[in-house]
Structures are given as C-alpha cells and as structure tokens.
Protein chains: 2
Amino acid sequence: MRPLSRAAILAVGSELLTPFRTDTNSLHITAQLNRLGVDVMFKSVVGDDRDELLHAVRAALDRVDLLVCCGGLGPTDDDVTRDVVAKALGRDVREDLGMTERIRARYVARGFAMPMPEINRRQAMVPTGARVIENRYGSAPGLWLEEGDRVVLLLPGPPGELGPMLAAVVDSLLMERVSGTAIVRRSIKMTGRIESRTEEQLRPLYTEWSSAAVPVSATILAALGQIELHLSARGPAAAASEAALSAAVRQVVAVLGGDVFSTEGHELERVLGDLLVARALRIAVAESCTGGLIASRLTDVPGSSRYLERGVVAYSNEAKTELLGVNADIIAEHGAVSEPVALAMANGIRSRARVDVGVGVTGIAGPDGGTPEKPVGTVVVAAATADWSRSRVFHFAGDRAQVKFQASQAALDMVRRMLS
Amino acid sequence: MRPLSRAAILAVGSELLTPFRTDTNSLHITAQLNRLGVDVMFKSVVGDDRDELLHAVRAALDRVDLLVCCGGLGPTDDDVTRDVVAKALGRDVREDLGMTERIRARYVARGFAMPMPEINRRQAMVPTGARVIENRYGSAPGLWLEEGDRVVLLLPGPPGELGPMLAAVVDSLLMERVSGTAIVRRSIKMTGRIESRTEEQLRPLYTEWSSAAVPVSATILAALGQIELHLSARGPAAAASEAALSAAVRQVVAVLGGDVFSTEGHELERVLGDLLVARALRIAVAESCTGGLIASRLTDVPGSSRYLERGVVAYSNEAKTELLGVNADIIAEHGAVSEPVALAMANGIRSRARVDVGVGVTGIAGPDGGTPEKPVGTVVVAAATADWSRSRVFHFAGDRAQVKFQASQAALDMVRRMLS
C-alpha cells in the first residue's frame, strides 16, 4: 500500500463554531503526524450537523490519504461522527455486543451508583470493517477505517482521552502505514529583535538550507515580546532529519547570538529557572504594574520553589515603602515610575529577602494613568545583584494585558542576559 | 438579492498548520457575523499553497453564501490569497495605480528611512470588480468581491488590522446584505457545580426554549474551574433576540442561584473587582502555591489599583513569617499547607496592608511535594475581613498550571460569595 503522507484534521462540535471556543486538539495531532513524516494539508471545524459533516468528510477524502476526525463520538443525538463517516464510506453500522459489555463493565468498575444508561449503547456501534481502538480514559472507543489506500481515524474530543489513544495508534497502526521519512521541527525563541531585520540576517541560511540534501524550511513569527523561528527538516529518517535540524539551529544561533533564549521552544521563565538552578542563585521580585505576573510566570515552572524566595506586588506607594524600603523621598522626587524607584525596589527586595538577585518593575499598564511625559506603556525594569545593577525604561504598545506581558518578558530577559 | 445567511471562514497561513499556532481570528469574525444573523457553517485553515487554497475556496463557495478569508494578503511570494480567490472566481488581477501611490505615501508618512520596496506593489493588485477596503493600520488593503448572490471578503491576518477593517465592513457593506434577523449570544459563567447535574436542572428550560417564538439554544461547557453555558437566540431583529435571551438568562439564574458569577461572560476577577468597587472595599492577597497568579488576575482588570493594595508571594516559610506575621509555631505544628496557616496568611496581610479583605492561599501545586496525607493538588484557601473569616481545603486534579488556576479561582470565588 502507498504510504500515508498527506493528512487533514476535522474537528467536530458546534461549540467550536461559536466565538467562545477554538480547536486545540489539532495542534497535538499535527505534532504526532509530523513526527511520522505526515504533513497536515488543511484542517477544518464543522458543527454537529450531518449534512455539513458529510460534505467535509467527502471533500477531505478527495484531497488527502489520512483523515483524522476528533469529537462527536459521545452517546447523544449530537454525536454524529460515527454515522456520518460510515455513510461517507458506504458502510453499515452495527452494535458490537462485546463492546457494549465492556462499556457496561466500565460503569460498574468506576463505582457509579446507576447502571450504564442505554443511550451509551450508541458508543458500541461500529461501521463494517472498522478496527476498534480502546479508550482507557472514557467510554467512547476510537475507530480506524481503511478504504483502499486511504485511512480515516476517529478520535474522541476530550484531550485527556484523545492524547493517550493517538499515542497508541501512532506506535502501532499508523507506524506501519507511513513512509519512514520524518519531519522534525524546532522552535527557536528570541527577544530584543525586529522581525524584518532578523529575516534579512537569516536569508542566506534559508537559501543554503533549501538546496541541502535534507532540506530545512523556516517560518518567522513575531509574537508578543518575542520572535519565534520555526524550523522543520524532512529527511529519510528521524536521525537524518534531526542532524540537519541541529546543524541549522547552530547556524541560527551563530548569526543571532545572545538574543536567542531557547533553541528548544522553551518559555523564558523556564530558561531563566534553569540558569538560576545551574548557578545555585535565589531570586525575589518586586512588582508594581506587572501585578504578580512575573512571580506567577516564574512559579509556573516545576521546582521554582528552589530559587524564588518571595514576590511582592507593591501597587501603592505605601506598600513600596513598607515592604521594599523604598524611600518616600525618592518617590516624591522622581515619581513612582522612574529608574531610581525601580532600582530601589530591586535592591530593597534583594536585601529584605536575602537573595542573590532582586527584580523591580514599575510602570503604567493603562488604560488610565498616563501623562504626556510618561504615557501608558511606559515601564521601568531594574535588576540587581550584590555587585551589579541595571535599569531600563521601555515604551510598550498594546492593551493592559499586552503591556503587562511585555514588561514581565523584559524583566525576565534582563536577568537572563545578566546571568548568561 | 438573497440575504447572506451562511458563512465560512478560511484562515490562510502555513504557520497555522504547525503544532505551534492556532487560528483565533475566526472567533472575532464569528462574533461579528452572528450579530448580523449570519451563521458560521464551518471554518478551515489552509497553508500558503495555491492548489490547496483554490480547492478550499471552491469547496466553500459550493456550501455558503459568504466566504471570509483572512491572511495571505502581504507582499511576499507566500501571500497567495488575492491571486487564488481571483482565479476561483475567474477574474483578472490588475494593479490599481492609485492604491500603489497610497501605499507609497503611507511609507513616507510613517517616516521609514527607505522608500516603499517594489515588492509592496503586489498589495495594490486588485481583481476585476472588487471593492477595495482601506487598511488604516497596515499596508494590505482588504477586498470585497460579489459573485451572483455570494460574497467573498478578504481580510489581512494581523488582528490589529483585521479588527478595525471588519468593524467598518460590518457597518456598511455587510449590513446591507443581511436579512435583519439577528443571532445574539450570551455566556453565563458559574463555579462550584458539576456539569451533568447542571444540565439535568436546566433540561426543562431547554425544552421550553426550543418551542418558543424566538427559540433559544444552549450549549454547556465544562472549563477549568468553571462551567460556561452558552445561550443563543435568533429572532426577527436584534431587539426581539435580546429580549428572548434576557428572559432565558433570568430563568437560568433563578434555577442555579449564587453559583452563577456572570451573565455577561465576564471573568471572575472582573466580577470581584466590580463588587469591591461597589462596596468601596480594598483587598490584599497572600499567595504561596498560586505564586502571584491571584494578584496578576486581579490586576488584569483596568482600575484594579483602586482596590488591590498589595500582594505577597510567600513561597518560603521565612517569607510567610516576615511578610505576613504567620507564627512559626503554627507552621511547625500544622504544616505550611493547613487551614490555620492559610487563615494566618489572610489575617496577616489584611492587618499589615490595613485593608478590608485579606486572602491567603497555600497548597501543593506539584508535580513534586505531595505526601500521602497532603497529595499534589491539596490547596487551602482562606479569606478574612474584620468580623468574618473562612477557610476551606480543596483537592484539585491536573498539572501544575491547572492546580494554580483552580486555586486562584477558588480564592476569588470565596471572596465573591462573601461579598454577594
């Protein structure tokens, strides 16, 4: 059989067509398929609507050799994926009595007070010729259907059920049906750069990579407070792809230098945490306009209690004085948003917490509070150690949340560069 | 002409087919179209690939009467949307010299050191019969194309350009082409409930609504730390839809009571902020396992400096004692994760910050640090005023970030219920 190489992902669920929800399962599915050398050509979202779904399934099967559907496998009338896919492939659907018993047994085993509702028998309906994939974390089994050279894979929508089931399929049924080529991807993250200038500097590499034995392709994306460079290499096997990708990553780092903070797609807070652990340093943060975001980002990283001693959100001037020892005269003279105050915050928390590194951030996140001299988006970041301190004034664009995030990014990055 | 009623959204960009990025423009577009009574039947993502895009455009035009494409209008070879849509509609593409001059003038006006690169002339290419839509925030103009009763609308990908342009189109070209019916939606948010029990309680309302003159439909969604109920009403005009929706919302609140924290889709931090402002109360938070997340969520709300006096992230026992006055003996006797410590944190920050409400949270966010008695996910939340205090032990499931979020949600909700 021809190896699978072109995939489409179809997310099923009317809630995914409202302004409130977006499909994220496809990101995980894409990562898994890419590792097997399968490209995702397009993805679609359709509601719980038999007619629309039937059209979407047929249109996809005209274009790709692997169609992954997620969602719509539950027991209610809204769950139409099983039936519609069977119809698109011209298959009958029959109850698998063994599976009904397994779903029933699952109800008993989980200690539910009531027996399995009869409605759940719908989940034991199986199209002719389909292979059933066990769901260890829910009642809806997955389905694998082959039609000539093409495959349709049905997965349940909840990520906690979809993830383990897909992992099992990737290691068994899918593995046998792919070509052996492998696409590997890496996300390189950097700060303190302009996208267009970065693109210009990297263009010679793009040219070189495109004609290499294992070609590497690149996409550059400006995100809030950082730039991401996504590289992908497609080689005859995972090892060859990885080797080409690693060489490309080294070239990028050589060109861009210290602005690159991760070649593994890691968040800045994790990179900084690793640096603090490696140097056995402890840190404390004093925040005004970031309002706890820096501490929260630092504590998103498992094990951060090893290096984060404390954080203080000093919104009021009194709190700055009481909790950080910032001299009220400095605030009166320079204003709360000033380099002397940010430095006093960084030094104050450093000495009070008795840690190696102190961080101070003060600014105007908006939408109110700006002045002609210090407009909304003005943020002062400071960092201090026993024998080193630095402060810098930034002017960020965007709404309150965007200013907060960019300010937290600038603060984490200042410490990262200091320790690198 | 037949009014537009069925839409599809097509996001164009190869980065949206990687594991790293998802399309979010479609949420905003959906909200705008729904307001005009236009349903989104499906949405798709395709890469910067002429062949795939051509198929996607043709397939969509077979199914809907309004196709909104976003992205792929830039000046580079990757930007194929203009050309492909013109081809799908059988139109020629010609340079609009007036537009070239406007793009050139924009370069000059923005004070760029260099003249407009010739590559940008591509953005002045217009399909025959298309109406050009001005882009006030970027160089790529939008396009409006009619083909019989159907419309294709091309918008730029950056949200800061797309949003204002879509708003302008909604108020002019689109407004003239819709039926006058209006779909209005509302998201009701609640805490402290189980999804299945909620669904059961609401089922009689669903039945009543489905046969009403202006039918209201409902979707219930369990999210982290909260449940959302999405209601939508489609009536002959916005006023009728709004009236039916408001009546439905009142019925829901009557059934679910105080667990509902917003009938306007607002976040819990905003709801709590409004309560604090209405009562002229000030708050301070003492966080351990949430690591600043509660303070950061509170300060996401504009104007939060009016009520948040300070926050303290007391990760270490020393910080709990020094910054909050938590007696070291209490920690030694009950452990840092205990109701006496959480209460001491809440009372400590309340008295030190001289505010009306103090919050204390301590727990084990994981992945490490759990014990048989206090496994990962154990979180104690406390809140205190001058004459009232409360504490409660929670056991949350999920990873570190999920535990942090649920703990922050429980803390904000405890204060909300206290003030409601």
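All values derive from a computational prediction rather than experimental measurement.

**With respect to the overall build of chain A**
Along the backbone of chain A there are 13 helices and 17 strands. Projecting the C-alpha coordinates of chain A onto the three principal axes gives extents of approximately 80 × 60 × 40 Å. Buried positions account for 55% of the 420 residues belonging to chain A. Sequence-distant contacts, at least 24 apart, represent 68% of the contacts inside chain A between residues at least 6 apart. Here chain A contributes 47 positive and 50 negative side-chain charges, whose respective centroids are spaced 4 Å apart.

**Structural notes on empty space enclosed by the protein**
All told, the structure shown has 1 cavity of 30 Å³ or more when counted by the stated rule. Considering only enclosed or pocket space, the largest cavity measures out at about 100 Å³ in volume. What lines the largest cavity is simply Thr22, Asp23, Lys43, Ser44 and Val45 of chain A together with Thr22, Asp23, Lys43, Ser44 and Val45 of chain B. Within the residue set of the lining of the largest cavity, elements represented by two or more residues are strand E2 (39–46) of chain A together with strand E2 (39–46) of chain B. Split by residue class, the lining of the largest cavity holds 2 nonpolar, 4 polar and 4 charged.

**Some remarks on the interface of chain A and chain B**
Opposite the 64 residues of chain A that make contact, chain B presents 64 residues. Summing both partners gives a buried area of about 5,300 Å² for chain A against chain B, and 54% of it is carried by carbon and sulfur. The interface formed by chain A and chain B contains 12 salt bridges. The salt bridge involving Arg63 of chain B is made with Asp51 of chain A; its shortest N-O contact spans 3.3 Å. Seen at the junction of chain A and chain B, the total is 39 residue pairs in polar contact (both at pLDDT 80 or more). With 7 residues, the single largest contributor to the side of chain A that touches chain B is E2 of chain A. A breakdown of the residues in the side of chain A that touches chain B according to their chemical character gives 25 nonpolar, 20 polar and 19 charged.

**Some details on the domain arrangement of chain A**
In terms of domain boundaries, chain A breaks down into domain 1 (6–177), domain 2 (182–262) and domain 3 (268–419). Of note, the centres of domain 1 of chain A and domain 3 of chain A, computed from C-alpha atoms alone, are 47 Å apart.

**A closer look at the packing of aromatic side chains**
Aromatic ring pairs are defined here through the distance separating the ring centres and the angle between the ring planes. Scanning the model with the defined rule gives 4 aromatic pairs over all chains in all. Judged by centre distance (5.3 Å) and plane angle (10°), the ring pair of Phe394 of chain A and Phe396 of chain A falls under stacked. Under the relative-accessibility criterion, Phe396 of chain A is labelled buried at 14%. Between Tyr206 of chain B and Trp209 of chain B the ring centres are 6.0 Å apart and the planes differ by 40°, which places this aromatic pair in the tilted class. Of this pair, Tyr206 of chain B and Trp209 of chain B both sit in helix H6 (residues 195–210), 3 residues apart, which is roughly one turn of that helix.

**Looking at helix H8 (residues 268–279) of chain A**
All names here are of chain A. In a regular helix each residue adds 1.5 Å, so 12 residues correspond to 16 Å; H8 covers 17 Å between its end C-alpha atoms and thus fits that length. Taken together, the buried positions of H8 are Leu268, Glu269, Val271, Leu272, Gly273 and Leu276. Among the structural elements, strand E12 (260–262), strand E13 (283–287), helix H9 (293–299) and helix H13 (400–419) are those in contact with the buried residues of H8. A positive phi of about 55° marks Ala280, the residue just after H8.

**Overview of the side chain of Ser408 of chain A**
All names here are of chain A. Along the chain, the position of Ser408 falls in helix H13. On the accessibility criterion, Ser408 (0% relative accessible area) is buried. Of the polar contacts made by the side chain of Ser408, one reaches the backbone oxygen of Phe405; its length is 2.7 Å. Excluding anything up to four places from it in sequence, Ser408 contacts Thr290, Leu293, Ile294 and Arg297.

**Description of the relation of the copies chain A and chain B**
Of the two same-sequence chains, chain A is brought onto chain B (RMSD 0.3 Å, axial shift 0.2 Å) by a rotation of 180°. Those values place the two copies in the arrangement expected of a two-fold rotation axis.

**Describing the sheet that holds strand E12 (residues 260–262) of chain B**
Pairing between the strands of a sheet is mediated by backbone hydrogen bonds and can be parallel or antiparallel. All names here are of chain B. Pairing is antiparallel in the open sheet, where 4 strands are placed in the order E10-E11-E9-E12. Edge strands, defined here as strands with exactly one partner in the open sheet, are strand E10 (216–223) and E12. For this sheet, the mean inter-axis angle between neighbouring strands, taken without regard to orientation, is 30°. Bridging between strand E9 (residues 182–190) and strand E11 (residues 226–235) involves 9 bridges; their strand directions are antiparallel. Paired with Ala182 across the strands is Gly235, a residue of E11. Packed onto the sheet, H6 meets E9, E10 and E11 and runs at close to 170° relative to E10. Across the sheet, helix H7 (residues 238–256) is in contact with E9, E10, E11 and E12; its angle to E9 comes to roughly 20°.

**Things to note about the pattern of salt bridges**
Any two side chains of opposite charge can pair, on the condition that their charged atoms come close. Taken as a whole, this structure holds 46 salt bridges over all chains when the rule is applied. The partner of Arg2 of chain A in a salt bridge is Asp65 of chain A, and the shortest N-O contact between them spans 3.7 Å. Of this pair, Arg2 of chain A sits in the segment before strand E1 (6–12) while Asp65 of chain A sits in the loop between helix H2 (50–63) and strand E3 (66–70), placing them 63 residues apart in sequence. Overall, the relative accessible area of 46% leaves Arg2 of chain A in the partly exposed class. Asp65 of chain A gets classed as buried once you look at its relative accessible area, which sits at 6%. The partner of Asp413 of chain B in a salt bridge is Arg416 of chain B, with the nearest N and O atoms 2.8 Å apart. Linking Asp413 of chain B with Arg416 of chain B, this pair stays in helix H13 (residues 400–419), spanning 3 residues, or about one helical turn. Comparing Asp413 of chain B with Arg416 of chain B, the two get one shared label, buried. Each of Arg193, Asp259, Asp413, Arg416 and Arg417 of chain A takes part in one network of salt bridges that share partners.

Cut-offs used in this document
- Residues numbered from 1 in each chain as written.
- Chains lettered and ligands numbered in written order.
- Predicted model: local features only at pLDDT ≥ 70, side-chain atom pairs only at ≥ 80, totals over all residues.
- Heavy atoms only, no water.
- Helix = DSSP H or I, 4+ residues; strand = E, 2+ residues; numbered from the N terminus.
- Buried < 20%, exposed > 50% of the residue type's maximum accessible area, 1.4 Å probe, protein only.
- Contact = heavy atoms within 4.5 Å.
- Lys, Arg positive; Asp, Glu negative; His and termini not counted.
- Charge placed at Lys NZ, Arg CZ, Asp CG, Glu CD.
- 1 Å grid on protein atoms, 1.4 Å probe; cavity = no way out; pocket = protein on both sides within 12 Å on 5 of 7 lines; lining within 4 Å.
- Points joined across faces, edges and corners; volume = space filled by probe spheres on them.
- Nonpolar A, V, L, I, M, F, W, Y, C, P; charged D, E, K, R; others polar.
- Buried area = accessible area lost by both parts, 1.4 Å probe.
- Salt bridge = Lys/Arg side-chain N within 4 Å of Asp/Glu carboxyl O.
- Polar contact = N/O pair within 3.5 Å; in protein donor to acceptor, adjacent residues only side chain to side chain.
- Domains from an automatic or database assignment.
- Phe/Tyr/Trp six-rings, centres within 6.5 Å; stacked < 30°, edge-to-face > 60°.
- Expected span 1.5 Å × (residues − 1).
- Least-squares fit on C-alpha atoms with pLDDT ≥ 70 in both.
- Pairing = 2+ DSSP bridges.
- Axes fitted to C-alpha atoms, helices over the stretch in contact; angles between N-to-C directions.

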